[in-house]
Amino acid sequence: MFDIQEELKKLPDHPGVYLMHDARDVIIYIGKAVSLRNRVRQYFQSSRNKGPKIEKMVTHIARFEYILTDSELEALVLECNLIKEHRPKYNTMLKDDKTYPYIKVTLGEAYPRVLFSRQMKKDKSRYYGPYTSAGAVKDTIELIRKLYRLRSCSRVLPRDTGKERPCLNYHIHQCPAPCQGYVSQEQYREQVRQALDFLNGKYDPVLRELEEKMRASAAEMDFEKAAEYRDLLASVKQIAQKQKITDFDGEDRDIIALAMDDRDAVVQVFFVRQGRLIGREHFHVTIGNEDTPREVLSTFMRQYYAGTPFIPREIMLQMEIDDAEVVGRWLTSRRGQKVHIRVPKKGSREKLVELAARNAQMVLTQDREKIRREEGRTIGAVREVADWLKLGYVRRMEAYDISNINGFETVGSMVVYEKGKPCRSDYRRFRLRTVAGPDDYASMREVLTRRFTHGMEERERNREKNLGEEYGSFTRFPDLILMDGGRGQVNIALQVLDELGLEIPVCGMVKDDHHRTRGLYYNNMEISIDTHSEGFRLITRIQDEAHRFAIEYHRSLRSREQVHSVLDDIPGIGPERRKALMRTYESLDAIREADVDSLRAVPSMNERAAVSVYRFFHPVREDGTEDT
């Protein structure tokens, strides 16, 4: 058994990374330290003010381990990698895990292409970005292909030259067909060079050329072509206009600012590439009450730059961070060139940082209002339902429904809502085993018995393995069961729970003559509910979801059965021959009445298959006569 106090005595006075595990051996916290001995001991000293999040985390620590490093910088790198891999519960976490789009020019190919990419690899290609809008990147790529007539196919050239006909782009004059050898590498490379100039921001030559072509086409009365050049000209002007926010000296920079309250934080990042502000993005960060803005900003930088392939030469921050020197050295090692972390104090750079901070505050305010409305639809609605039923606490609700058509393939559904939101990973479907015919009560009894028996068995296995009792989805029992029906369904559920020794509130969703929820049946009485309330809307959503989930499963089973054809049961008849028979004959009866010669004439059929079909429908009795 792991003795925490004894292991604390063994900690080295050395840089490294420590990992905290809970009773299930799940990593719940990862941190770095200049001195593992001093840092890890702090968590277990009662005299220290650790803050509520860390206090709670410490109560769950069953053991810890650590990894030694040679320096604080190595510890920072390792910490970033481990947090990204394990995403521990109690670390301040960057919620967004985004990959950003790049424009990739495959200069390593004989005939380069301009492609969309979400990864920047160490190859012979040239990358532009990252950009914040995938749509804008795709529009830009399409425009470049039109302007410079670059290929978009995946053929390997010159190996595949002449092997296939040119594609549609050649015929509509958007590609010179290098796949046919219609353009030399030198000519094609010149088009690529012009495209690279465009991506580097040299728009003036393109604008002049397009305007000249537009005027020339108009002079030749080719108005369709002139309109095409006009549209291209407008697109290029729009792109050029977006790049007009220029500052500084053509460098790549990220501008980072933060807004936070006691519960949430938003980090805003402005992307400056080659001196142009090309976009911005915001990120939500989970925080604890004791987290300071400096700590949140430092944590964000480590997690964000551990996951992005591009690191700019300069990063401008809203405030100083405590470990700026270590973070700077780490970023420099990742980039391969010096990275400067600065906090501007005056001028246009300070104003851009202030702009980023105002944007972050705006997002935080707007999202707080959005969260408030969402909580009204979810947590607030659950609270209303609990008040109607006079229940003190409701977090998890499970709803059940049965679906069948005249007893065919009866199925049951279980949907789960937690804090008013669907928890789809815990949804379950049941194919009935013991019930024959359309008996909804017996079907519901089987579904509920199987669900809770399974959960109780899992709980027992967890106890034997010293795991948490609710380790696993079936072991987590609901605070309220919702039945798609009134008194009858509720009584069935209560009987099952009583037989299993469980006490869980059960409520029926009572419907009117139009199959709409009108009230709740609970404790042998119908409770009227406000049909304009969020609680009513939640009940309706849950009822519709349980019904949808059951019907969807039932439909999939029916489709599976109906796809099966009697022809599939004939020896020697596979999918191709079955299709040929169905195309040749109007009905199954026509196939049954056909003779061997007619069957042999069907495409893909041979003598043996024709005889097999004929004998399937005309088996021979023991006395040698055919069974007609």
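Quick caveat: nothing in here was measured; it's all calculated off a predicted structure. (Residues numbered from 1 in each chain as written. Predicted model: local features only at pLDDT ≥ 70, side-chain atom pairs only at ≥ 80, totals over all residues. Heavy atoms only, no water.)

Caption draft 1: Structural detail: the pattern of salt bridges. This structure, assessed with the given rule, holds 39 salt bridges. Ionic pairing is found between Glu7 and Lys10, a salt bridge with its closest N-O pair at 3.3 Å. You can call Lys10 exposed: its relative accessible area is 53%. Ionic pairing is found between Arg113 and Glu109, a salt bridge with its closest N-O pair at 2.7 Å. Judged by its relative accessible area of 13%, Arg113 is buried. Judged by relative accessible area, which is 22%, Glu109 ranks as partly exposed. Put simply, Arg395, Arg396, Glu398, Glu418, Asp426, Arg451 and Arg476 are held in one network by salt bridges that share partners. (Salt bridge = Lys/Arg side-chain N within 4 Å of Asp/Glu carboxyl O. Buried < 20%, exposed > 50% of the residue type's maximum accessible area, 1.4 Å probe, protein only.)

Caption draft 2: Quick look at the nonpolar core. Ranked by internal contacts, the top residues of the largest apolar core, which has 33 residues, are Ile144, Leu147, Tyr148, Leu150, Phe198, Leu210 and Val236. Among the elements of the structure, β4 (102-105), α5 (134-148), α7 (185-199), α8 (204-219) and α9 (223-242) are those that each provide at least two residues to this core. Apart from residues lying up to four places away in sequence, Val236 is in contact with Leu143, Leu147, Phe198, Tyr203, Val206, Leu207 and Leu210. Residues Leu73, Leu258, Phe271 and Val339 belong to the second largest nonpolar core, which totals 29 residues. (Core = buried A, V, L, I, M, F, W, Y, C linked by side-chain atoms within 4.5 Å. Helix = DSSP H or I, 4+ residues; strand = E, 2+ residues; numbered from the N terminus. Contact = heavy atoms within 4.5 Å.)

Caption draft 3: Broad picture of the confidence of the model for the protein. In the predicted model, the protein carries a mean pLDDT of 83, and the fraction of residues at 70 or more is 88%. Overall, residues 242-248 carries pLDDT values under 50, and its contacts beyond four positions in sequence, including any with other chains, amount to 19 contacts. (pLDDT = per-residue confidence, 0-100.)

Caption draft 4: A look at the sheet that holds strand β6 (residues 126-128). Spatially, β5-β4-β6 is the arrangement adopted by the three strands of the open sheet, whose pairing is antiparallel. A single partner strand is all that each edge strand has here, and the edge strands are β5 (114-117) and β6. Averaged over all pairs of adjacent strands, the angle between their axes in this sheet comes to 30°, without regard to strand direction. Of the pairings in the sheet, the one linking β4 to β5 comprises four bridges and is antiparallel in character. Bridge pairing links Ile103 to Phe116 in β5. Those strands touched by α7 are β4 and β6, and its axis lies near 155° from that of β4. (Pairing = 2+ DSSP bridges. Axes fitted to C-alpha atoms, helices over the stretch in contact; angles between N-to-C directions.)

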